[in-house]
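Below are the chains, spelled out letter by letter.
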Amino acid sequence: MEKKLEDYMDWPKIEDLAYAECQDVGDVLGATVVKEGILFRCFFPGADKVLIKIKGKSRTVIMKKMDDCGYFAAIMAGKKIPEYIYQVQYKTGKMEIPDIYAIDHYVDAMDEVLFANGEHDTIYEKLGAHPGQVNGFYGTWFAVWAPNAQSVSVVGDFNQWDGRLHPMRRLESGIFELFVPHVGDGEIYKYEIHGYDGKTVLKADPYGFYAEKRPANASVIWDISDYEWDDAKWLEKRRNTDWKKEPMIVLELHLGSFERPKDGGFYNYREIAGKVADYCKKMGYTHVELMPVMEHPLDASWGYQVIGYYAPTSRYGTPEDFMYFVDTMHKEGIGVILDWVPAHFPKDAHGLGRFDGTCLYEHLDKRQGEHPHWGTLIYNYGRPQVVNYLIANALFWLERYHADGLRLDAVASMLYLDYGKQDGEWVANMYGGNENLEAIEFLKKLNQKIKDRKDGCLSIAEESTAWPMVTGNIQDGGLGFDFKWNMGWMNDYLEYIKTDPLFRKGRHGMLTFSMVYQYSENFMLVFSHDEVVHMKGSLYGKMPGNDQEKLAGLRQSFGYMAAHPGKNLVFMGQDFGQIREWSEERELDWDLVEDGKAMASTTGEMIPIKSPHRMLQDFVKDLWKFYREHPAMYQWDDNPEGFKWVSMLDADHSIIAFMREAEEEKLLVVCNFTPVCYPEFKLGVPYKGKYKEILNSDSIAYGGENHINPRLKNSKKEKMDGMEQTITFALAPNAIQIFQYTTAQTTNRKRKKK
């Protein structure tokens, strides 16, 4: 007995469809072969009539409206599903669309297998929203991972946010996908998810390439494949550069507060690009490090609470605008490092938290899945798809936005299960320890993936503990980072320098301790944003004394950082002595470096007066130039032969001295951390020869007192501090002085040639 059309109706599932709750739309939508022929089924709420147009046939098949909710069906004779489209008639007109439930899958079986195993490095090319064409129809492919959801629909302005209109197809991997015709670039969307917990939520796309400007929070369809890059020369140079042997001076930057237009808004990525590039070139920075540019809802988080990991924040423009920013930096010879936050994410309702009605991205157990004092969620690094999400994202920024490296935020919070937690707030690992074994494997895997690119990209860890081998080889048990922020050096030094000079001798070990562990890692020395926020004041404010002494302390501090082994990073504004604590709500106090004018007492004319902050800025500029031009300052940062103590025990005078050396250069560095000048200071030195002062932070050109040494200093044979030679020179107060060493024989040879 033949079945009638009504016999094929699965009314409970059709009812679920009408409420956007159908768990498998493939059971009730699309075309399928049945005994009586080809069964066609579609769902168009509000439609008056639906026709089936068969390719190559002149006739159409009128579908029967099976109920008032908009479900249509028809049976046509045949044994093979033909190519066809629907002609849908509404009171307002008619339109032709493909059967979106009969289109071949965009996410194929191999994609599913790789993703399920956490090995799909370009999963962002399949998940998310991707404009394209199917059977001659322009539209967008949507795909999202929500394995425990009852159903998922794409919603947006294009369907009046009606979850009934575009329910997505479920794949075995827990990925939902759908092609939506007539929808493209610039359209906003979210996923309407009927979760495992019975709740219906609207979620932004975890893989969305663009997002609305806050406070709106929908994802935006955006094709990021059209930008024409012009940085091939930079990328080739980067590929062949070993940054461990090269000068590296990083300006840490918050794009929204570097400079601002007069209207108080933000500059576009394109507008700020030239300003940042010009400043970096003027000052001599080799890289910028951007505080997170990934989409985030709250300005006051500075980007460290990310919602849209694949989207440059729309505060400053479009994805192409950000590409232009990176491109501009590269064409000017400046690298771009991005702050990246794989440690935690916020609880905002449209974000990753309880994404499909379960703890999908975070741990179920709050002791593992939450930072109780940060109010954020912790990724489940034991779930392959979550690891895939993060690793693919890291590689995405390197590949699609040409970033030169990633600085991973809060690595310590990832390594330790009890980080920032009290007893009872954390769960030990399988061996009873506090190490997060899954996070450790994630970090190793990530760093290996970056190294496998062999394109010169860097990974940098902000890790604040004594965890061993952060920059060690992965094969030897290390984490595999290229550099580690030396937070210990920063904390010790700032604690020391803010102490009144009269009492610094009691803290002398804070100056010298860093060399005890210097060669355990590849370090980057930092004066980062962490130390100039949350009522900590600016670097300028940490210096004791009057304004002149504060500026002297800053000059010495930057000089000591440059001379100490390790790469260098300075937060914006500190290099000209920003007085106020930094705030994301305003631009830097650039007026501090503007020169003033005063009336001459004799002529009455207005004469220029150089700003003391401008003079500090000039010193930093000359310092970075000096650093780049002298290999001894950087070439052997990771080699114990590159550093030798000359004087480390003179706590009573708060003076230290050391040699920085490279293959063809030796520099003597002397730091006096008191305001006392010694016109005839005698110092033991390790080599016989001549010492020429080539940098002095006390120069009058920089606002100092000009206790300089214009003439060469010949060493004398005299034992002192375990040395066989001594030199005598003017030791400046609150200053760093650097002398270039040459042997007497070398000097004589030069004279003979002349």
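For the structure, see preceding data.
Model, not experiment: these values are computed from the prediction.

> Explain helix 10 (residues 437–453) to me, using residue names and the numbers behind them.
Compared with the 24 Å implied by 1.5 Å per residue over 17 residues, the 25 Å span of helix 10 between its first and last C-alpha is a close match. Burial in helix 10 covers these residues: Ala439, Ile440, Phe442, Leu443, Lys444, Leu446, Asn447, Lys449 and Ile450. Directly after helix 10, the chain includes Lys454, whose backbone phi takes a positive value near 50°.

> A description of helix 8 (residues 384–400) should follow, citing residues and the corresponding values.
In this model helix 8 runs 23 Å from its N-terminal to its C-terminal C-alpha over 17 residues, within 8% of the 24 Å that 1.5 Å per residue would give. Of all 17 residues in helix 8, 14 are buried, a share of seventy percent or more. Count one or two residues on from helix 8 and you reach His402, which has phi positive near 55°.

> Give a detailed account of a nonpolar patch on the surface, specifying residues and quantitative values.
A contiguous nonpolar surface patch, about 390 Å² in accessible area, is contributed by Met430, Tyr431 and Leu437. Topologically, Tyr431 is positioned in the loop between helix 9 (411–415) and helix 10. Residue classification places Tyr431 among the exposed positions, given a relative accessible area of 66%.

> Account for the side chain of His120, with residues named and values stated.
Note that His120 resides in the loop between helix 2 (109–116) and strand 9 (128–134). Residue classification places His120 among the buried positions, given a relative accessible area of 6%. For His120, the side chain forms a polar contact with the main-chain nitrogen of Ile123, separated by 3.2 Å. Not counting residues up to four positions away in its chain, the partners in contact with His120 are Asp111, Leu114, Phe115, Asn388 and Ala392.

> Summarise the state of the cysteines; cite the residues concerned and give the values.
Throughout the structure, instances matching the rule amount to zero disulfides. Here Cys677 is not cross-linked by a disulfide; its sulfur's nearest cysteine counterpart is in Cys671, at 15 Å. The class of Cys677 is partly exposed, set by a relative accessible area of 26%.

> Now, about the pattern of salt bridges: what can you tell me, with residues and values included?
Between side chains of opposite charge, a pair can form as their charged atoms come close. Counted by the stated rule, this structure contains 48 salt bridges. A salt bridge links Lys13 to Asp27, with the shortest nitrogen-to-oxygen separation between them at 2.6 Å. Here Lys13 is found in helix 1 (residues 11–18), whereas its partner Asp27 is found in the loop between helix 1 and strand 1 (30–34), with 14 residues between them in sequence. Among the residues examined, Lys13 registers a relative accessible area of 29% and is labelled partly exposed. Close ionic contact of Glu177 with Arg169 constitutes a salt bridge, the shortest N to O distance being 2.8 Å. Per residue, the accessibility class of Glu177 equals that of Arg169, and both read buried.

> Run through the nonpolar core, naming residues and quoting values.
One finds Phe142, Phe325 and Tyr361 to be the most contacted residues of the largest nonpolar core, which totals 206 residues. When residues of this core are assigned to their parent elements, the largest contribution, 11 residues, is made by helix 8. In this view, Phe325 contacts Leu255, Tyr269, Ile272, Ala273, Val276 and Leu290; residues no more than four positions away in its chain are not counted. Within the second largest apolar cluster, 18 residues are counted, among which are Ile38, Cys42, Ala74 and Met76.

> Talk me through the side chain of Arg41; I want residue IDs and the actual numbers.
Relative to the elements of secondary structure, Arg41 occurs in strand 2 (residues 37–43). Buried and without a salt bridge, Arg41 has Asp27 as its closest oppositely charged side chain, separated by 6.8 Å. Within the structure, Arg41 has its side chain in polar contact with the backbone oxygen of Asp27 (distance 2.7 Å). The residues touching Arg41, leaving out its near neighbours within four places in the chain, are Gly26, Asp27, Val28, Leu29, Gly30, Thr32, Met63, Tyr71, Phe72, Ala73, Tyr86 and Asp99.

> Describe in detail the packing of aromatic side chains, supporting the description with residues and values.
One pass over the structure, following the stated rule, counts 67 aromatic pairs. Plain terms: the ring middles of Tyr493 and Phe527 are 6.1 Å apart, the flat faces sit at 45° to each other, and that makes the pair tilted. Taken as a pair, Tyr493 in helix 11 (residues 487–497) and Phe527 in strand 27 (residues 523–527) lie far apart in primary sequence, 34 residues in all. On the basis of relative accessible area, Tyr493 is assigned to the buried category, the value being 1%.

> Give me the lowdown on the packing of helix 5 (residues 269–283) against helix 16 (residues 612–629), citing residues and values where you can.
At a closest axis distance of 8 Å, the pairing of helix 5 and helix 16 adopts a crossing angle of 70°. Relative to helix 16, helix 5 is oriented roughly perpendicular. Note on element contacts: helix 16 touches helix 5 through Gln617, Val620, Lys621 and Trp624, opposite Tyr279, Lys282 and Met283. Of the residues belonging to the contact of helix 5 with helix 16, the class tally is four nonpolar, one polar and two charged.

> Just give me the short version of the sheet that holds strand 38 (residues 723–731), but keep the residues and values in it.
Sheet architecture is open: three strands sit in the order 34-38-37, paired in antiparallel fashion. On the outer flanks of this sheet lie strand 34 (678–685) and strand 37 (716–720), each paired with one strand and no other. Along the sheet, successive strands turn relative to each other by an average axial angle of 50°, direction set aside. Summarising the sheet, strand 34 and strand 38 pair through six bridges and their orientation is antiparallel. When the sheet's bridge partners are listed, Lys682 is paired in strand 38 with Thr728.

So, how was this worked out
Residues numbered from 1 in each chain as written. Predicted model: local features only at pLDDT ≥ 70, side-chain atom pairs only at ≥ 80, totals over all residues. Heavy atoms only, no water. Helix = DSSP H or I, 4+ residues; strand = E, 2+ residues; numbered from the N terminus. Expected span 1.5 Å × (residues − 1). Buried < 20%, exposed > 50% of the residue type's maximum accessible area, 1.4 Å probe, protein only. Patch = residues over 30% accessible without salt bridge, like charges linked within 9 Å, V, L, I, M, F, W, Y side chains within 5 Å. Areas by Shrake-Rupley, 256 points an atom, 1.4 Å probe, with all protein chains shown as cover. Salt bridge = Lys/Arg side-chain N within 4 Å of Asp/Glu carboxyl O. Polar contact = N/O pair within 3.5 Å; in protein donor to acceptor, adjacent residues only side chain to side chain. Contact = heavy atoms within 4.5 Å. Disulfide = S-S within 2.5 Å. Core = buried A, V, L, I, M, F, W, Y, C linked by side-chain atoms within 4.5 Å. Lys, Arg positive; Asp, Glu negative; His and termini not counted. Phe/Tyr/Trp six-rings, centres within 6.5 Å; stacked < 30°, edge-to-face > 60°. Axes fitted to C-alpha atoms, helices over the stretch in contact; angles between N-to-C directions. Parallel < 35°, antiparallel > 145°, perpendicular 65-115°, else oblique. Nonpolar A, V, L, I, M, F, W, Y, C, P; charged D, E, K, R; others polar. Pairing = 2+ DSSP bridges.

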